[in-house]
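# Inside the fold
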Amino acid sequence: MKKFLFLFIISIISFQLFASSTIKGTIIDAGTQAPLEFVNITLLKKGSKIPLSGMSSDPKGAFGFSNISSGNYVLQFSFVGYNAFNKEVNITDDPINVGIIKLEEDSKSLSEVEVVGQGSQMRFEIDKKVFSVDQNISAAGGSASDVLKNIPSVTVDIQGNVSLRKDGNVEVWINGKASGLTADNRAQVLQQMPAENIESIEIMTNPSAKYNPEGSAGIINIVLKKQRKAGYYGSVSAGVIYPDGADLGSNLGASVNYSSSKVDAYLNIGYRAMSFKGGSTTDRYNYLENDTTLLNQKGTSLMAFSGLFMRAGVDYHIDAKNTLSLSGFGMAGSGIQNSSTNYLLSNYTVNSNAVLRDYSRETNSTGTRPSLNLNIDYRHDFDKESNLMTSLGYSKHNRGFNNNYLDSMTTYNTDLNQNVMGLHQEWELKVDYTKKFNANSKLEAGWQSDLVNRLSTSTGFDNLTQLALNDYFDNFKYDEQIHAGYITYGNKFDKFTVQTGLRAELYTRNFSDTTYIANTQNKTVQVFNSDPIYHFFPSLYLSYSLPNEAELQFNYTNRVNRSRGRQINPFRDYSDSTNITYGNPYLKPQYISSLELNYIKSWGAQTLSGSLYYKYTDDVVQSVRFLNNAILESTYLNIAKSQNSGLELISKNRLFEFLSLTTSLDFYYSKLDSSTYENPYNPTTITTIPEQSKFSYSGNIMANFMLSKNFSGQITAEYDSPQLIAQGVENASYSIDLGFRQMLLDKKLSVNLMVRDLLNSNRHNSTSSGSGFYQTSTSYFHGRMLGLTLTYNFGNMKPKKTDMKKSDGGGVDMNMDGGMD
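The rules behind each value
Residues numbered from 1 in each chain as written. Predicted model: local features only at pLDDT ≥ 70, side-chain atom pairs only at ≥ 80, totals over all residues. Heavy atoms only, no water. Helix = DSSP H or I, 4+ residues; strand = E, 2+ residues; numbered from the N terminus. Buried < 20%, exposed > 50% of the residue type's maximum accessible area, 1.4 Å probe, protein only. Areas by Shrake-Rupley, 256 points an atom, 1.4 Å probe, with all protein chains shown as cover. Core = buried A, V, L, I, M, F, W, Y, C linked by side-chain atoms within 4.5 Å. Pairing = 2+ DSSP bridges. Axes fitted to C-alpha atoms, helices over the stretch in contact; angles between N-to-C directions. Contact = heavy atoms within 4.5 Å. Patch = residues over 30% accessible without salt bridge, like charges linked within 9 Å, V, L, I, M, F, W, Y side chains within 5 Å. Salt bridge = Lys/Arg side-chain N within 4 Å of Asp/Glu carboxyl O. Phe/Tyr/Trp six-rings, centres within 6.5 Å; stacked < 30°, edge-to-face > 60°. pLDDT = per-residue confidence, 0-100. Polar contact = N/O pair within 3.5 Å; in protein donor to acceptor, adjacent residues only side chain to side chain.

In this section: the overall build of the protein chain. A tally of helices and strands in the protein chain yields 3 helices and 46 strands. Going through the 821 residues of the protein chain one by one, you find that 52% of them count as buried. Put simply, the protein chain shows about 35,900 Å² of open surface, and 56% of that area lies on carbon and sulfur atoms.

Here it is, written out as structure tokens:
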């Protein structure tokens, strides 16, 4: 550990300083002579359209760039309600003071300015793609899950599970932090988070060494709204949603923001009440030693939940160089899920189809999932080009369920209760240092420590016999620590940009699991303590600016998937008596090597991005199934190596002034090596999964149209071809969403109408096979949904500060300032 820290510290202080100069000045209103705050200033190399750096003027109208290399540059000044202004400057070794910059008001007053077009919905940075979603009409009144469905390369299945490029091993963050989201709880959290709170979605398919290396698919970062306007402003909203076949749902929301030179504060509250109808059909052929049986399973379900989502924060600007921030969000609510399933087991032979068993199960579940996330952040700016940021975060997610199982059979009935409780607590400490030596050169270094504690318990009770059910008892405790240091350095040499990085991690975990020994009243405890695991995660990004607003990028990273939650908990889930599932606590980490080659081209309002990617994964974790006395059991094993490659195309097109299209196409090839595993109930039975490979593709198109300055609409369509899964194939799927927005009362009131899954086509169909079985299944979670939402904006309408990383038109912003603000 001492050697590790020594090498890390040496790597931070071993860098080279570059000769540079500074630019400063002051911006005022040409008429009133008053200083202008929040004016956007962009620094560009003369003859280039790619920004080198950007900032906003302070309350005194002052601005300044430091560490600028010698050469000819252009300063661009822009502010809503004022005419844009450009100034050329020639940088030598001496500091430059451009003096007073006077901006003239536009010919129309600020209150008369009408923005009819729609802003750019996509921009690129060296290590991520950013999609603006604050104008996503088809998700109005919906949830974060509905927003993610409309993002290129992102898939949200009928259970709410999120995947990126068809890989479910993806990290989902909120405001640049994991926030306690795990594979076990994020579907519920995203379903409860209002879409109106989200500003943008950041997609990092190959994150640099600065970021946590978890997730083979990369990171999806949900950026919540935190705009700055002088004074106060806010909004209130109310809406209803009708799901086909279920009860009417509702949503309410309110937000208020305040900003001054010393304090920025915000408060958002959202309430959602929803219900969903679902169903499934499964046919499984069981190939037994002397017989073949067919199990037909049909079920319906109704899920409903109501909950409150709240977030608040305050930034206190102690002085010009120090800012202290407190923020947090929380959720509270409850839900129910009632399902009814019929089982019919029969012989499946040429001469007989006699019924062997005919029964049904009703499941009635009630539950709660309260959660809390708190953060305290401190930022110190040493100067305009270097800063230190520290962050301490705490998150806590609880879940509690009471499940009642009623089985109706020919000869007897059962009435069982199961109580399940889960607790996830996490502390995260981060320290990040950034130093810009000049407009082209940047160093980043930092430290991150994560401490995670999880507890999962289960008990069962037979209501008829009044006896405890030992098979339903489980107490699983899990503790984990990850300590990591990183360093990245980037430099731009004329048209060539390079960023390299290294992350070093120390990982430890331990767990204990308490269960009853089968057919006894005696408990057994299984304990596992791992040795510390050290691993290095390098990253490399190369970028070359081509003529005519084009760019070529290459990147390489090394990442990891670590199994957690239900994948490692050995507790046996009996909620479906014909399909028992449990985890495997001895799963090994999966290490992934990832390569990408990206091409980005902009033609004014048209943009095209093409990505060739390749991933190699070792010790792939897959869900495997086998028969145990005609009962299908499922668990997880490290069974093979995999290779995935593909071509992703994303285009942004503005047509006829009123229509813009965002289109994505993904073509990918998956290969899973052959593997073998033994049936634990019959060790002599060895199952071989042959090598599997498949070519697949998917497409997504979002059309935004402005029929007038106050009326707009959006259509989103997606299609997924059949996908390769362990022991089978997931069939093709498609869906269409539609939305309209009408602005009223001088754009203070908006009326949003949306239809999700317009064709009622969102179904999950799959086929699978293994040792002694062949199965086909169809399921759906909810059908067509129709919603209406009204939003009213209030407060002052002064111009807001604009993030200079965003493009102001239909094109693309390409820069090396990767990272999460």
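Resuming the write-up.
Further remarks concern the nonpolar core. Grouped together as the largest cluster of nonpolar side chains are 28 residues, with contacts concentrated most on Val162, Ile198, Ile201 and Ile220. For this core, the secondary structure elements donating two or more residues are helix H2 (144–149), strand E10 (154–156), strand E11 (162–164), strand E12 (170–174), helix H3 (186–192), strand E13 (198–204), strand E14 (218–224) and strand E19 (322–347). With 23 residues, the next largest nonpolar core counts Ile23, Phe38, Leu43 and Tyr73 among its residues.

What follows covers the sheet that holds strand E2 (residues 40–45). Reading across the sheet, the 4 strands line up as E3-E2-E5-E6 and stay open at both edges, with antiparallel pairing between neighbours. With one partner strand each, in any of the chains shown, strand E3 (51–56) and strand E6 (85–91) form the two edges of the open sheet. Averaged over all adjacent pairs, the angle separating strand axes in this sheet is 20°, with direction ignored. Sheet analysis places strand E5 (residues 71–78) next to E6, joined by 7 bridges and oriented antiparallel. If you follow Val74 over to E6, its bridge partner there is Glu88.

Once that is clear, we can look at the environment of Phe536. With respect to the element layout, Phe536 can be found in strand E29 (residues 533–546). Overall, the relative accessible area of 46% leaves Phe536 in the partly exposed class. On a C-alpha basis, the gap between Phe536 and Ala209 in space is 9.4 Å, while along the polypeptide they are 327 residues apart. Apart from residues no more than four positions distant in its own chain, Phe536 is found in contact with Leu502, Arg503, Ala504 and Asn558.

Even without being a glycine, Asp494 presents a positive backbone phi close to 60°. In this structure, Asp494 sits in the loop between strand E26 (474–493) and strand E27 (496–516). With a phi close to 55°, Asn760 is a non-glycine residue in the positive phi region. Among the structural elements, Asn760 can be located in the loop between strand E43 (749–756) and strand E44 (764–770). You can call Asn760 partly exposed: its relative accessible area is 23%.

What follows is about a nonpolar patch on the surface. A contiguous nonpolar surface patch, about 880 Å² in accessible area, is contributed by Val314, Tyr316, Ile318, Leu324, Leu326, Ile376, Tyr378, Leu392, Trp427, Leu429 and Leu451. Among the elements of the structure, strand E18 (292–319), E19, strand E21 (371–383) and strand E23 (413–438) are those that each provide at least two residues to the nonpolar patch. Of the residues forming the nonpolar patch, the biggest block, 3 residues, is contributed by E18. Within the secondary structure, Leu392 is located in strand E22 (residues 386–408).

This brings us to the packing of aromatic side chains. One pass over the structure, following the stated rule, counts 17 aromatic pairs. Considering the side-chain rings of Tyr285 and Tyr774, the 6.4 Å spacing of their centres and the 35° angle between planes classify their relative orientation as tilted. With a gap of 489 residues between them, Tyr285 in strand E17 (residues 263–287) and Tyr774 in strand E45 (residues 773–780) connect regions that are remote in the sequence. A relative accessible area of 35% places Tyr774 in the partly exposed class.

Let us look at the sheet that holds strand E7 (residues 96–103). Whenever strands of a sheet pair, they do so through backbone hydrogen bonds, lying parallel or antiparallel. Read from one edge to the other, the open sheet built from 3 strands follows the order E4-E1-E7, with strand pairing classed as mixed. Because the sheet does not close on itself, it has two edges, and the strands there are strand E4 (62–68) and E7. Averaged over all neighbouring strand pairs, the angle between strand axes comes to 20°, with direction disregarded.

Looking now at the pattern of salt bridges. Overall, the coordinates contain 17 salt bridges when judged by the stated rule. One salt bridge connects Glu88 with Lys46, and the closest N-O pair in it is separated by 3.3 Å. Here Glu88, found in strand E6, pairs with Lys46, found in the loop between E2 and E3; they are 42 residues apart in sequence, far enough to count as distant. Judged by its relative accessible area of 47%, Lys46 falls in the partly exposed class.

Among the 7 residues in E14, 7 count as buried, and that is most of the element. Across 5 bridges, E12 lies against E14 in parallel orientation. When the sheet's bridge partners are listed, Glu171 is paired in E14 with Ile219. As paired strands, E13 and E14 are joined by 6 bridges and run antiparallel to one another. If you follow Ile198 over to E14, its bridge partner there is Leu224.

Sheet topology note: the strand E16 (residues 249–259)/E17 ladder contains 10 bridges and is antiparallel. When the sheet's bridge partners are listed, Leu252 is paired in E17 with Tyr271. The loop that links E16 with its antiparallel partner E17 comprises 3 residues.

This part takes up the confidence of the model for the protein chain. As a note on interpretation, predicted positions should not be read in detail where pLDDT is low. Counting all residues, the mean pLDDT for the protein chain is 82, and 87% of those residues have values of 70 or more. Summarising per-element confidence for the protein chain, the mean pLDDT is lowest in helix H1 (residues 2–13) (44) and highest in E26 (94). Confidence drops under pLDDT 50 across residues 107–120; counting only partners more than four residues distant or on other chains, this segment forms 20 contacts. Segment residues 797–821 is flagged for pLDDT under 50; beyond a separation of four residues in sequence, or across chains, it makes 100 contacts in the model.

So, on to the environment of Lys601. Considering the arrangement of structural elements, one finds Lys601 in strand E32 (residues 590–603). Distance from Lys601 to Ala550, taken between C-alpha atoms, is 4.1 Å for residues 51 residues apart in sequence. Contact partners of Lys601, with chain neighbours within four places excluded, come to Pro547, Asn548, Glu549, Ala550, Gln606, Thr607 and Leu608.

This paragraph deals with the side chain of Gln590. Relative to the helices and strands, Gln590 is located in strand E32. Taking the relative accessible area as the measure of exposure, Gln590 reaches 4% and is therefore buried. A polar contact of 3.1 Å, which involves the side chain of Gln590, links it to the backbone nitrogen of Val621. Apart from residues no more than four positions distant in its own chain, Gln590 is found in contact with Asn169, Arg559, Val560, Asn561, Thr617, Asp618, Asp619, Val620, Val621 and Asn638.

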